[in-house]
Amino acid sequence: SGRVGPAGGLGCSESGTFGGPPAPIVFPWFGLDIGGTLVKLVYFEPKDITAEEEEEEVESLKSIRKYLTSNVAYGSTGIRDVHLELKDLTLCGRKGNLHFIRFPTHDMPAFIQMGRDKNFSSLHTVFCATGGGAYKFEQDFLTIGDLQLCKLDELDCLIKGILYIDSVGFNGRSQCYYFENPADSEKCQKLPFDLKNPYPLLLVNIGSGVSILAVYSKDNYKRVTGTSLGGGTFFGLCCLLTGCTTFEEALEMASRGDSTKVDKLVRDIYGGDYERFGLPGWAVASSFGNMMSKEKREAVSKEDLARATLITITNNIGSIARMCALNENINQVVFVGNFLRINTIAMRLLAYALDYWSKGQLKALFSEHEGYFGAVGALLELLKIP
Amino acid sequence: MAECGASGSGSSGDSLDKSITLPPDEIFRNLENAKRFAIDIGGSLTKLAYYSTVQHKVAKVRSFDHSGKDTEREHEPPYEISVQEEITARLHFIKFENTYIEACLDFIKDHLVNTETKVIQATGGGAYKFKDLIEEKLRLKVDKEDVMTCLIKGCNFVLKNIPHEAFVYQKDSDPEFRFQTNHPHIFPYLLVNIGSGVSIVKVETEDRFEWVGGSSIGGGTFWGLGALLTKTKKFDELLHLASRGQHSNVDMLVRDVYGGAHQTLGLSGNLIASSFGKSATADQEFSKEDMAKSLLHMISNDIGQLACLHARLHSLDRVYFGGFFIRGHPVTMRTITYSINFFSKGEVQALFLRHEGYLGAIGAFLKGAEQDNPNQYSWGENYAGSSGLMSASPELGPAQRARSGTFDLLEMDRLERPLVDLPLLLDPPSYVPDTVDLTDDALARKYWLTCFEEALDGVVKRAVASQPDSVDAAERAEKFRQKYWNKLQTLRQQPFAYGTLTVRSLLDTREHCLNEFNFPDPYSKVKQRENGVALRSKEEVTRKTLARGFLQRVASEIKDNSGIDIILGVFPFVRELLLRGTEVILACNSGPALNDVTHSESLIVAERIAGMDPVVHSALQEERLLLVQTGSSSPCLDLSRLDKGLAALVRERGADLVVIEGMGRAVHTNYHAALRCESLKLAVIKNAWLAERLGGRLFSVIFKYEVPAE
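Residues numbered from 1 in each chain as written. Chains lettered and ligands numbered in written order. Predicted model: local features only at pLDDT ≥ 70, side-chain atom pairs only at ≥ 80, totals over all residues. Heavy atoms only, no water.

Visitor: Could you clarify how one ought to interpret the domain arrangement of chain A in this entry?
Guide: It is common to report an interface's size as the accessible area lost on association of the parts. Domains assigned within chain A are domain 1 (29-159 + 373-383), domain 2 (176-258 + 301-367) and domain 3 (263-299). The distance between the C-alpha centroids of domain 1 of chain A and domain 3 of chain A comes to 48 Å. (Domains from an automatic or database assignment.)

In structure tokens, the structure reads:
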């Protein structure tokens, strides 16, 4: 049972007045993506506020703006990814900066409580939200925060967000990139990729679980499959195996470990390459296969286990993505999602595995704003940007 | 990704009795003439294969020389019977725990005489480890064979030669196994071997196969990661833990993300969104059972998904699963089946094999025996010498499971002649010989098992009576009784032990057990006497006309009982057909079964009738009446396993009517067989229970005439 993506979106009610020009959308502009593990929030900070507007700006709105833009951390778990901020963006005729904020889904009740405390409901704003949590927390938003959520299809939002963000670039730089010589730590280079012909595209979204979409045009896409072996599995298993408590810690341990002590490689079985089947000796034959032996279990470190977990999950995603690309006859594969955040090991491995097993036919692409596309898509929905 | 070093269940528990409980000469039979050894050594189980010859008594019939005699004397039998020794070829396979390997090698060494064998084919991850031991003990040179090549060769062999080899697993049904009828075209298929890693191989022909993919997440991951998470060291114990766990305590489900099943999106809330997703967010302890279950689901789902992706890429809908992760474990068969159904939306079928554990050994053996060309023969499973599928229900603890499979045997008889489909079958892939599936029909199963139990005394008596000159007949007959009785008891417990249970399989098992104790033809004397009586009456009996309104055509007739049936029933019918200008192919059993007429008996009977009857005489001379053998030694008939010569003749002569006669062939089997030409199924119901079930009376006649749909 894989992760299943939603299909039909639930549209928002029109906020424009019938017949006349659409009324300007009131601030604040948020896009929310409530995932299984993380909540992703994008916030548009208008920088072209007139004196008149400033005058009229209610206190609560001002305080939200100040709170979000003057801090880089919120509470003990909320974080603003300052390095991702998009500057001087024009949205719906307004100029401003787009901020990217994340916090764990289990802090959602506190977030709703804050909305109540700060009297969000008086702002008459619409909260556009996507991700499973839009459904799970809908009732809480309403009863505790007096806020009506506009629930949006997560795949629609994801695709919209990716296409939009790619089109605006990354403060003058390219949004999309790939790795050259991914297996070689000396020669490996992260290079910009111009996604000028985006279709068809295989989109692999690695959050807690994984969704794989085949995208043929802006409006024509399908969910191909998904797997439950995703970022949540990596982090969950690392917690159980190493006692780590954060994703960053898990990755840091993995960076210092050696997975070949944990995994059984082809060469461990065949002494070298398995030529009958064209398998290289370095390929993993059995993930955690060495752990069948008591002696070897006693000889591995937590770092080795974290590394092996990372390699196992990453290789598996690469392998499923490659099979989907073959079945769908698509050769560019974009990997997104928060599993890839600060996770160069996984990205380089995906790049290498895709290239190697497809004999150079498939290209793995990545995107700077990894996990925020759903939230961006939700914001675009709010602003009715097609 | 690649085949593993370690395989087997790792259940050689310390608490287990290490001594061999079965007498070794019952396990390693026919070692005296053994040649061509092969061995497959996995992580905990060893599979040994050898080829041997078996000396059997067979009843031969021979016509007396009647030249110079005008008439027969009143009480003289129509032909003589002699019991002769015949040598047939048999394949022996034995599976045992690695713990016993040294004891077994010693036993083999002591009993191996006159063998010309110099090498032993070896495969499996343990082949290297035990190489020196084998070479030292057996003084045979170890020849290493490629693991996957052996596996695939073995798989092709069992799929071709063992009916009901493959089965699907059905959760919550009783029994959980549903056997597939042998598909005449086994290629192409996908084989997914789940050892410590996973190999996915596309098999296109006997010799052509290709590694299309694999995964490193396999049995070794379940075992290794499971051992780390639960501190449980043994594979079987991990499975046992998993069967008791609740994965939803560890996995993040769709309902955890969405807050319930989501109607609008058509999602089941129980789907796993993220395996081990809850162990990342909650600061809590998890039970071993729950973690093992989550791990099992994670791995099974992943393998199923990859298998489906590969099946789709290659447009294949049959996927066979093997390897130690699967091996007889209902828990993993269940999760793999679930995953395949989920990811393929029912388009791909997950299939398992009864002899999965033997594939490597069979393949290694075949590799070594290539010069004997074993693939040109047809082989049949010997029910008397094979242990059958010992499934353990998931409730059984690992120790019980291990014990039940301590020594497991498979024997395959080489058949005299290759077997093929009847060319007139309407749709060979969907042909099912048996009328009633006793694995399904509990009421019928109960009746027939009791029926065969009650008939056992009579069979034993007849067996003894058939060999009045033998001193040990009574003793052998008693052994036969014990063996068949035990088989019946096994089948009461595990109806699926030898594939689908049918009246045919019960009858065949009895024949195999009789042969095992050298009662090749307990009815030979009875048949001889009845044939004599019938031949004498023939001259007096008015010819009966059974056939009406047949046009000129070729009829292929398949016949059973001896005596009155054939001489006063079938021959008059044949004669009538001949008179109408119809050519007749009369097919009888190749070997004896019950009181059914055999091909050799039919030749003598026909010869004698020809002496009295000019119609039959000229028909034989002009080859308008042809007597052939069916290739079967069963009271029933499988039209997908018929003698190649019969099939060729049917095709050559353009047969357009098939007459199947007798309860075994036309009622227990083939009652529903659909043919491409007209057919007649004839029988007298000689069983009161069956007659009642069919809504008729004892000795009612079934006369089923069918015309194929346009």
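Visitor: It is not clear to me how the sheet that holds strand β16 (residues 332-336) of chain A should be interpreted in this structure. Could you clarify?
Guide: What holds strands together in a sheet is hydrogen bonding between their backbones, with the strands either parallel or antiparallel. Residues and elements named next belong to chain A. Reading across from one edge, β10-β9-β17-β16-β11-β12-β13 is the order of the seven strands in this open sheet, with mixed pairing throughout. Only two strands of the sheet have a single partner each, and these edge strands are β10 (189-192) and β13 (221-227). Averaged over all neighbouring strand pairs, the angle between strand axes comes to 30°, with direction disregarded. Note: strand β11 (residues 201-206) against β16, four bridges, orientation parallel. Looking across to β16, one finds that Leu203 is bridged to Val334. (Pairing = 2+ DSSP bridges. Helix = DSSP H or I, 4+ residues; strand = E, 2+ residues; numbered from the N terminus. Axes fitted to C-alpha atoms, helices over the stretch in contact; angles between N-to-C directions.)

Visitor: Explain the pattern of salt bridges to me, please; I cannot follow it from the model alone.
Guide: Pairing of side chains with opposite charge becomes possible as their charged atoms draw close. Applying the stated criterion across every chain yields a total of 51 salt bridges over all chains. Measuring nitrogen to oxygen at the nearest pair gives 3.1 Å for the salt bridge that ties A:Lys160 to A:Glu381. Of the two residues, A:Lys160 is situated in helix α6 (residues 154-168) and A:Glu381 in helix α13 (residues 373-382); the sequence distance between them amounts to 221 residues. B:Arg665 is the salt-bridge partner of B:Asp596, the closest N and O atoms lying 2.9 Å from each other. Residue B:Asp596 is located in the loop between β19 (583-588) and α18 (599-612), and its partner B:Arg665 is located in helix α21 (residues 663-668); the two are separated by 69 residues in the primary sequence. Residue classification places B:Asp596 among the buried positions, given a relative accessible area of 2%. Given a relative accessible area of 0%, B:Arg665 falls into the buried group. (Salt bridge = Lys/Arg side-chain N within 4 Å of Asp/Glu carboxyl O. Buried < 20%, exposed > 50% of the residue type's maximum accessible area, 1.4 Å probe, protein only.)

Visitor: I keep staring at the interface of chain A and chain B and nothing clicks. Help me out?
Guide: Taken together, the contact pairs 61 residues of chain A with 61 residues of chain B. Together, the buried faces of chain A and chain B total about 5200 Å²; carbon and sulfur atoms form 66% of this surface. If you look at where chain A meets chain B, you find one salt bridge. Here B:Arg312 ties to A:Glu328 by a salt bridge, and the two come within 3.4 Å at their closest N and O atoms. Joining chain A to chain B, the criterion identifies 18 residue pairs in polar contact (both at pLDDT 80 or more). Elements with a minimum of two residues in the side of chain A that touches chain B: α4 (133-136), β13, α7 (231-242), α9 (266-270), β15 (284-286), α10 (294-299) and α11 (302-328) of chain A. When grouped by side-chain class, the residues that make up the side of chain A that touches chain B number 29 nonpolar, 25 polar and seven charged. (Contact = heavy atoms within 4.5 Å. Buried area = accessible area lost by both parts, 1.4 Å probe. Polar contact = N/O pair within 3.5 Å; in protein donor to acceptor, adjacent residues only side chain to side chain. Nonpolar A, V, L, I, M, F, W, Y, C, P; charged D, E, K, R; others polar.)

Visitor: Explain unusual backbone geometry to me, please; I cannot follow it from the model alone.
Guide: Across the chain, the bulk of peptide bonds are trans and the bulk of non-glycine residues have phi less than zero. Between A:Tyr199 and A:Pro200 the backbone carries a cis peptide bond, its omega angle lying at -10°. The topology assignment puts A:Pro200 in the loop between β10 and β11. B:Phe187 connects to B:Pro188 through a cis peptide bond whose omega is -10°. Note on placement: B:Pro188 falls in the loop between β7 (177-179) and β8 (189-194). Positive phi values are uncommon outside glycine, yet A:Asn181 reaches one of about 50°. Residue placement: A:Asn181 occurs in the loop between β9 (176-180) and β10.

Visitor: What am I meant to see in the nonpolar core here?
Guide: Nonpolar side chains tend toward joint burial in soluble globular proteins. Ranked by internal contacts, the top residues of the largest apolar core, which has 104 residues, are A:Phe335 and B:Phe321. Here this core gets twelve residues from one element, more than from any other, and that element is helix α9 (residues 288-313) of chain B. Of all hydrophobic cores here, the second largest spans 75 residues; its members include A:Leu61, A:Leu84, A:Phe170 and A:Leu213. (Core = buried A, V, L, I, M, F, W, Y, C linked by side-chain atoms within 4.5 Å.)

Visitor: Looking at this structure, how should I read the pairing of strand β17 (residues 363-367) of chain A?
Guide: All names here are of chain A. Counting buried positions along β17 gives four out of five residues, so the element sits mostly inside the fold. Relative to β17, β9 is paired through two bridges, and the arrangement is antiparallel. Following the sheet pairing, Cys176 is matched in β17 by Ser367. Relative to β17, β16 is paired through four bridges, and the arrangement is parallel. Residue pairing in the sheet places Val333 in a bridge with Ala364 of β17. The handedness of the β16 to β17 crossover, carried by helix α12 (residues 344-357), is right-handed. (Right-handed = clockwise from strand over helix to strand, strands pointing away.)

Visitor: What am I meant to see in the sheet that holds strand β5 (residues 141-144) of chain B here?
Guide: All names here are of chain B. Reading across from one edge, β5-β4-β1-β2-β3-β16-β15 is the order of the seven strands in this open sheet, with mixed pairing throughout. Pairing within the sheet leaves two strands with one partner each, and these edge strands are β5 and β15 (379-381). Averaged over all adjacent pairs, the angle separating strand axes in this sheet is 30°, with direction ignored. The pairing of strand β3 (residues 79-97) with strand β16 (residues 407-414) spans seven bridges and is classified as antiparallel. Looking at β16, one finds that His92 is bridged to Glu411.

Visitor: When you look at α18(B) in this model, what are you seeing that I'm missing?
Guide: Residues lying three or four places apart along an α-helix face the same way, a consequence of the helix completing one turn every 3.6 residues. Compared with the 20 Å implied by 1.5 Å per residue over 14 residues, the 20 Å span of α18(B) between its first and last C-alpha is a close match. Every buried residue belonging to α18(B) is among B:His599, B:Glu601, B:Ser602, B:Ile604, B:Val605, B:Ala606, B:Arg608, B:Ile609 and B:Ala610, and all of these are buried. (Expected span 1.5 Å × (residues − 1).)

Visitor: Would you mind going over the packing of helix α8 (residues 247-256) of chain A against α11(A) with me for this structure?
Guide: Two measures define how a pair of helices packs: the angle their axes make with one another and the distance between the axes. Residue and element names in this part refer to chain A. In the contact formed by α8 and α11, the axes pass within 7 Å of each other and the chain directions differ by 100°. Considering their axes alone, α8 and α11 lie roughly perpendicular with respect to each other. Residues Ala250, Leu251, Met253, Ala254, Ser255 and Arg256 of α8 pack against Lys302, Glu303, Ala306, Arg307 and Leu310 of α11. Considering only residue class, the contact of α8 with α11 consists of six nonpolar, one polar and four charged. (Parallel < 35°, antiparallel > 145°, perpendicular 65-115°, else oblique.)

Visitor: Explain the confidence of the model for chain B here, please?
Guide: Do not read the fine detail of predicted coordinates wherever pLDDT is low. All names here are of chain B. Looking at chain B, pLDDT values average 84 and 86% of them are 70 or higher. When the criterion is pLDDT under 50, residues 68-72 qualifies, and its contacts beyond four places in sequence or with other chains add up to three contacts. Taken together, the stretch residues 540-553 has pLDDT below 50 and engages in 28 contacts with residues farther than four places along the chain or on a different chain. Under the prediction, the complex receives an ipTM of 0.93, its pTM being 0.88. (pLDDT = per-residue confidence, 0-100.)

Visitor: I keep staring at the packing of aromatic side chains and nothing clicks. Help me out?
Guide: Between two aromatic rings, the relevant description is the distance of the centres plus the angle of the planes. In the structure shown here, the tally under the stated rule is 55 aromatic pairs over all chains. Relative to B:Phe452, the ring of B:Trp448 lies with its centre 6.3 Å away and its plane at 50°, an arrangement referred to as tilted. Residue B:Trp448 and its partner B:Phe452 are located together in helix α13 (residues 442-466), separated by four residues, close to a single helical turn. Of the two residues, B:Trp448 and B:Phe452, neither departs from the other in class, the shared state being buried. Put simply, the rings of A:Tyr270, A:Tyr274, A:Phe277, A:Trp282, A:Tyr352, A:Tyr356, A:Trp357, B:Phe209 and B:Trp211 pair up and form one aromatic cluster. A cation sits over an aromatic face here: A:Lys118 above A:Tyr67, 4.9 Å from the ring centre. (Phe/Tyr/Trp six-rings, centres within 6.5 Å; stacked < 30°, edge-to-face > 60°. Lys NZ or Arg CZ within 6 Å of the ring centre and 35° of its normal.)

Visitor: When you look at the pairing of strand β12 (residues 210-215) of chain A in this model, what are you seeing that I'm missing?
Guide: The side chains of a regular strand alternate between the sheet's two faces. All names here are of chain A. Among the six residues of β12, six are classified as buried, and the element is accordingly described as predominantly covered. Judged by which residues are buried, β12 turns out to be covered on both faces: Val210, Ile212 and Ala214 on one side and Ser211, Leu213 and Val215 on the other are all buried. Note: β11 against β12, six bridges, orientation antiparallel. Opposite Leu202, over in β12, you have Ala214 as the bridge partner. Counted along the chain from β11 to the antiparallel partner β12, the turn is three residues long. One ladder, built from six bridges, connects β12 with β13; its direction is antiparallel. The partner of Ile212 across the bridge, within β13, is Thr225. What sits between the antiparallel neighbours β12 and β13 is a turn of five residues.

Visitor: How should I be thinking about the environment of A:Ser208 in this particular structure?
Guide: Residue and element names in this part refer to chain A. By the element assignment, Ser208 lies in the loop between β11 and β12. Ser208 gets classed as buried once you look at its relative accessible area, which sits at 10%. Each C-alpha atom of the pair Ser208 and Thr233 lies 7.0 Å from the other, and the pair is 25 residues apart in sequence. Of note is the side chain of Ser208, whose polar atom sits 2.6 Å from the side chain of Thr37.

Visitor: How do you make sense of the side chain of B:Thr149 when you look at a structure like this?
Guide: Turning to its location among the elements, B:Thr149 is positioned in helix α4 (residues 147-161). Of the residues examined, B:Thr149 reaches a relative accessible area of 12% and is grouped as buried. What B:Thr149 contacts, discounting residues up to four positions off in sequence, is A:Arg276, B:Phe209 and B:Lys367.

Visitor: Explanation requested: the packing of α13(B) against helix α15 (residues 503-516) of chain B in the structure shown.
Guide: All names here are of chain B. Running from N to C, α13 and α15 point in directions that differ by 30°, and their axes come no closer than 12 Å. With respect to α15, the axis of α13 lies roughly parallel. Helix-helix and strand crossings are classified by hand; for α13 and α15 the assignment is right-handed. Packed against α13, whose contacting residues are Trp448, Leu449, Phe452, Ala455, Val459 and Ala463, the element α15 presents Val503, Leu506, Leu507, Arg510 and Leu514 at the interface. (Left-handed = near helix turned anticlockwise from the far one by under 90°.)

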